[in-house]
Number of protein chains: 2
Amino acid sequence: MRVLVLGGDGYLGWPTALHLSAVGHHVMVVDNFARRGYDDELGATSLVPIAPLDRRIDAWRAVSGRTIESCAGDLVDPVFTHNAIERFGPDAIVHFAEQRSAPYSMIDQAHAVYTQTNNVVGTLNVLYAIAELNPAIHLIKLGSMGEYGTPNIDIEEGWLEVHHNGRRDRMLYPKRPGSFYHLSKVHDSHNIEFACRTWGLAATDLNQGIVYGQETEETRRHRDLSTRFDYDAVFGTVLNRMVVQAVCGHPLTVYGTGGQTRGMLDIRDTVECIRLACEHPAGPGEFRVFNQFTEEFSIRSIASMIQRAAGDGASVVMIDDPRVEAEEHYYHAAHSALLDLGLQPHYLEDTLVESLLSIARRHRHHADASLFVPSVQWRATASPVGPRAHTLVA
Amino acid sequence: MRVLVLGGDGYLGWPTALHLSAVGHHVMVVDNFARRGYDDELGATSLVPIAPLDRRIDAWRAVSGRTIESCAGDLVDPVFTHNAIERFGPDAIVHFAEQRSAPYSMIDQAHAVYTQTNNVVGTLNVLYAIAELNPAIHLIKLGSMGEYGTPNIDIEEGWLEVHHNGRRDRMLYPKRPGSFYHLSKVHDSHNIEFACRTWGLAATDLNQGIVYGQETEETRRHRDLSTRFDYDAVFGTVLNRMVVQAVCGHPLTVYGTGGQTRGMLDIRDTVECIRLACEHPAGPGEFRVFNQFTEEFSIRSIASMIQRAAGDGASVVMIDDPRVEAEEHYYHAAHSALLDLGLQPHYLEDTLVESLLSIARRHRHHADASLFVPSVQWRATASPVGPRAHTLVA
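Undergrad: When you look at the pairing of strand β6 (residues 159-164) of chain A in this model, what are you seeing that I'm missing?
TA: On a regular strand, each side chain points to the face opposite its neighbour's, so the side chains alternate between the two faces of the sheet. All names here are of chain A. Strand direction decides the pairing type here: β6 and strand β7 (residues 167-172), joined by six bridges, are antiparallel. Within the sheet, the bridge partner assigned to L160 lies in β7 and is M171. Between the antiparallel neighbours β6 and β7 lie two residues, among them N165 with a positive phi of about 50°.

Undergrad: Whenever I open this one, the interface of chain A and chain B confuses me. Can you help?
TA: Note: interface size is frequently given as the accessible area lost on complex formation between the parts. If you look at the interface, chain A gives 67 residues, while chain B gives 67 residues. Summed over both sides, the interface between chain A and chain B buries roughly 5900 Å², with carbon and sulfur atoms accounting for 62% of that surface. Taken together, the connections running from chain A to chain B amount to two salt bridges. With its nearest N and O atoms 3.4 Å apart, the salt bridge here joins B:R176 to A:D169. Across the chain A-chain B interface, the total number found is 26 residue pairs in polar contact (both at pLDDT 80 or more). Elements with a contribution of two residues or more to the side of chain A that touches chain B: α4 (78-88), α6 (109-133), β6, β7 and α7 (180-199) of chain A. In terms of residues, the side of chain A that touches chain B owes the most to one element, α6(A), which gives 13 residues.

Undergrad: Honestly, the environment of A:P15 in this entry has me stumped. Any pointers?
TA: Residues and elements named next belong to chain A. With respect to the helices and strands, P15 occurs in helix α1 (residues 13-22). For the pair P15 and E218, spaced 203 residues apart in sequence, the C-alpha separation works out to 7.2 Å. Apart from the residues within four sequence positions on either side, P15 is in contact with G10, T216, T219, T227, I267 and V271.

Undergrad: Would you mind showing me how to read the packing of aromatic side chains here?
TA: By convention here, two paired aromatic rings are described through the distance between centres and the angle between planes. Overall, the coordinates contain 24 aromatic pairs over all chains when judged by the stated rule. Measuring from centroid to centroid gives 4.9 Å for A:Y128 and A:W199, while their planes differ by 70°, and the two rings are edge-to-face. Of this pair, A:Y128 sits in helix α6 while A:W199 sits in helix α7, and the two are 71 residues apart along the sequence. The class for A:W199 is buried, based on a relative accessible area of 10%. Centre to centre, the rings of B:W159 and B:F287 are 6.2 Å apart; their planes meet at 70°, and the pair counts as edge-to-face. One end of the pair, B:W159, is in strand β6 (residues 159-164); the other, B:F287, is in strand β12 (residues 287-292), and 128 residues separate them in sequence. On the basis of relative accessible area, B:W159 is assigned to the buried category, the value being 13%. These aromatic residues form a ring-pair network of at least three members: A:Y38, A:Y104, A:Y114 and A:F235. The positively charged end of B:R2 is found above the aromatic ring belonging to B:F88, 4.3 Å away from the centroid.

Undergrad: Help me out: how do you make sense of α1(A) in this one?
TA: Because an α-helix completes one turn every 3.6 residues, residues spaced three or four positions apart along the sequence face the same direction. Residues and elements named next belong to chain A. The element α1 is extensively covered by neighbouring structure, given that nine of its ten residues are classed as buried. If you check which residues of α1 are buried, you get G13, W14, P15, T16, A17, L18, H19, L20 and S21. Where the residues of α1 are buried, they touch β1 (2-6), β2 (26-31), α3 (53-64), β3 (68-72), β4 (92-95) and α9 (267-279).

Undergrad: Looking at this structure, how should I read the confidence of the model for chain A?
TA: Low pLDDT means the predicted atomic positions in that stretch should not be read closely. When pLDDT is averaged along chain A, the result is 95, and 97% of the positions lie at 70 or above. Scored below 50 in pLDDT, residues 385-394 of chain A shows 20 contacts in the model against residues more than four places distant or in partner chains.

Undergrad: What is the right way to read the sheet that holds strand β8 (residues 202-208) of chain A from this model?
TA: Strand pairing in a sheet relies on backbone hydrogen bonds. The paired strands run either parallel or antiparallel. All names here are of chain A. Spatially, β3-β2-β1-β4-β5-β8-β12 is the arrangement adopted by the seven strands of the open sheet, whose pairing is parallel. Lying at the two open borders of the sheet, with one neighbouring strand each, are β3 and β12 (287-292). For this sheet, the mean angle separating the axes of adjacent strands, direction not counted, is 20°. With four bridges connecting them, β1 and β4 associate as parallel partners. Among the inter-strand pairings, V3 is bridged to a residue of β4, identified as A92. Contacting β1, β2, β3 and β4, α4 crosses the sheet at an angle of about 160° to β3. Lying on the sheet, α9 is in contact with β1, β4, β5 (138-144), β8 and β12; it crosses β5 at an angle near 145°.

Undergrad: Mind showing me how you'd approach the nonpolar core here?
TA: Within soluble globular proteins, side chains that are nonpolar generally end up buried alongside one another. In terms of nonpolar packing, the biggest core is built from 116 residues, with A:I93, A:F180, A:W199, B:I93, B:F180 and B:W199 touching the most fellow members. The element that contributes the greatest number of residues to this core is helix α6 (residues 109-133) of chain B, accounting for twelve residues. Residue contacts for A:I93: discarding those within four places in its chain leaves A:L4, A:L6, A:I85, A:V126, A:I130, A:I137, A:H138, A:L139 and A:I140.

Undergrad: Even after reading the chapter, I still don't get the packing of helix α1 (residues 13-22) of chain B against helix α9 (residues 267-279) of chain B, so can you show me in this structure?
TA: In a pair of packed helices, the angle between the axes and the distance between the axes together describe the arrangement. Residues and elements named next belong to chain B. Two numbers describe how α1 lies on α9: the axes approach to 9 Å, and their chain directions differ by 55°. Relative to α9, the element α1 lies oblique. Crossing geometry of α1 relative to α9 is assigned as right-handed. Contact with α1, carried on its side by P15, T16, H19 and L20, involves I267, V271, E272, I274, R275 and C278 of α9 and no other residues of that element.

Undergrad: Would you mind showing me how to read the environment of A:E272 here?
TA: Position of A:E272 relative to the elements: it lies in helix α9. Considering only alpha carbons, one finds A:E272 and A:T16, 256 residues apart in sequence, at a separation of 8.0 Å.

Undergrad: Teacher, can you tell me more about the relation of the copies chain A and chain B here?
TA: One copy of the chain maps onto the second through a rotation about an axis and a displacement along it. When chain A is fitted to chain B, the residual RMSD is 0.0 Å, and the transformation amounts to a turn of 180° plus an axial shift of 0.0 Å. Read as a symmetry element, the transformation amounts to a two-fold axis. Here 100% of the contact residues of chain A are again contact residues in chain B; the copies associate through an equivalent surface.

Rules behind the numbers
Residues numbered from 1 in each chain as written. Chains lettered and ligands numbered in written order. Predicted model: local features only at pLDDT ≥ 70, side-chain atom pairs only at ≥ 80, totals over all residues. Heavy atoms only, no water. Pairing = 2+ DSSP bridges. Helix = DSSP H or I, 4+ residues; strand = E, 2+ residues; numbered from the N terminus. Contact = heavy atoms within 4.5 Å. Buried area = accessible area lost by both parts, 1.4 Å probe. Salt bridge = Lys/Arg side-chain N within 4 Å of Asp/Glu carboxyl O. Polar contact = N/O pair within 3.5 Å; in protein donor to acceptor, adjacent residues only side chain to side chain. Phe/Tyr/Trp six-rings, centres within 6.5 Å; stacked < 30°, edge-to-face > 60°. Buried < 20%, exposed > 50% of the residue type's maximum accessible area, 1.4 Å probe, protein only. Lys NZ or Arg CZ within 6 Å of the ring centre and 35° of its normal. pLDDT = per-residue confidence, 0-100. Axes fitted to C-alpha atoms, helices over the stretch in contact; angles between N-to-C directions. Core = buried A, V, L, I, M, F, W, Y, C linked by side-chain atoms within 4.5 Å. Parallel < 35°, antiparallel > 145°, perpendicular 65-115°, else oblique. Left-handed = near helix turned anticlockwise from the far one by under 90°. Least-squares fit on C-alpha atoms with pLDDT ≥ 70 in both.

See the structure below:
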């Protein structure tokens, strides 16, 4: 199967490209390297050093004998997008190529607009290119469990059977996202569902939980195959960040009461879920949604688990929540579709000790503790302070 | 009350500005004249000639003694948007300033991206400016009944009490829009709801039905106060277009079976609804949704009504539906909120004879029958025909 991985140089895009290549698929990576640029902008770096894309690809060829193609460009450019898809002729497109940080999208007006424009326009261009070139191409789009927010009812997989005034309909699950980033994914989902309904495209929307971990079977094979390990308050996912805090002897910072409950999954399950989605495509006209996570945890229970696993007297501090969100809430989300396709989950309790803490310890000398502190406040991103300079993000 | 009317040079923006000024509010109009530019692009014109904005404002001053301020610029420019709002210091912002044609958004990739970028970014910039300058400003945003699509359950006013697995929540009504234009309004609604929830903004989302008519009490007072009358297949709303077809002796073109049912309202009710929304603002943090229409009709029943009213043997033809939509469906939509605020509706049966047909007859010599034909096909906007030139819309 020919698989185009958009955003294939990123935290999850790269391990996904490797995993798909390892099982025998023909892979091409597209990236504009925006993620590396955010590091420069924010003065942050991956805890684990990462090689440039070319060196990654060379290393993979050396250890596996397999070739991953690559193509540099920006999906916001419709001609580039069309030509890249036409040239490679994929059976499936895995689309990671979005600005993926909620805090980054909340820095200010310019970052909010950049995030929504980049994500929504890139996805629109991909939809048009698929429809124009070959509507049979299966689009696998990365969404987020954060799109749902924390409703007081059970979260289903993308669709909800709604009963109202004695009638019923199957409708897109109503969402209440918590940042302009999460909103961009909600916008994408609506656009993609429309394209499936109107043009007969086949799409899988993977609403992914919070990913933790840094190693997969493939990335371990050579240090130039490593993927990112972000621990900063803007791009670091909560679990990865807390693990680095623990090994640095820094208190684990919990936002608010830590009662926020989220679906989470191991990076090795991410890549496997995407393989499963590729190999079991949606049908023509189908907009299929999978909730891609394996376990639910509250943030404070994660902090306790890391504290226990780190075993060296790590402390936990509750700080004011920089976000606007419910700190205590009902949470129950369906996630059976990927298990039904055969996913064999990894569990956090095991991964923590066997992998995450040891990776963090090995690299802790690179950690910059100033990056742990949340620098973006949801309420302050727009406040009555008069006109400001609007930073432009390239 | 100081009211800023964004898109105040357009079909509804201009009569709204006049109506608010007539009742004593202090009005400023902002426009980038994009609507006049679409005419040039499409080779279409308003059936009723319209004066340039300056002349409109002069005519209004002459007949009423009241001054409407104006400011030319593009809301996609965040600095312009911020400064315009800061300079005028409104109590309320009425936001019409979006690309508002479904067929226009479906012309091709470039028009879809333009529509979503223009609409979503403009609205984001308005939200940021309000939050930064004065969160008490009441945002009145024009949405569309078309955002809901045609669900098999009753349509409520923006929110739905959802019961599921023995639990319940009040959630945004799940939407199934039928074009990239309608999708842009769904995106807006999600962004605005988030801004209300996160920053405490006060917003009213007016999901407006299909507007018909061309005259209001104010626009009748001088010919330079006239607003647009679009009858072409891209920007003309269905009822206005069919009235022009009837007076030109052209068959009334019904898409598909004509069983599509829609909420509709008279242009005089539009301007009155907006006055009511301004004078009864949403509270801090409130995202309030009104369904703004007065009657429901199927398209074929409208065609029959026009046929009867025109009384000169007008014929009706069913043509292939250029859109992808249900031609026969359940439709029942709540619309009590504006009636509760005191709206006194005009009814189509009366308006048709007293106003619409006579206006169309008076101007029929300007009509270009080639513009009646639907030029945009939903399924063909993206089809496997290889790369095309991507028209850029300024």
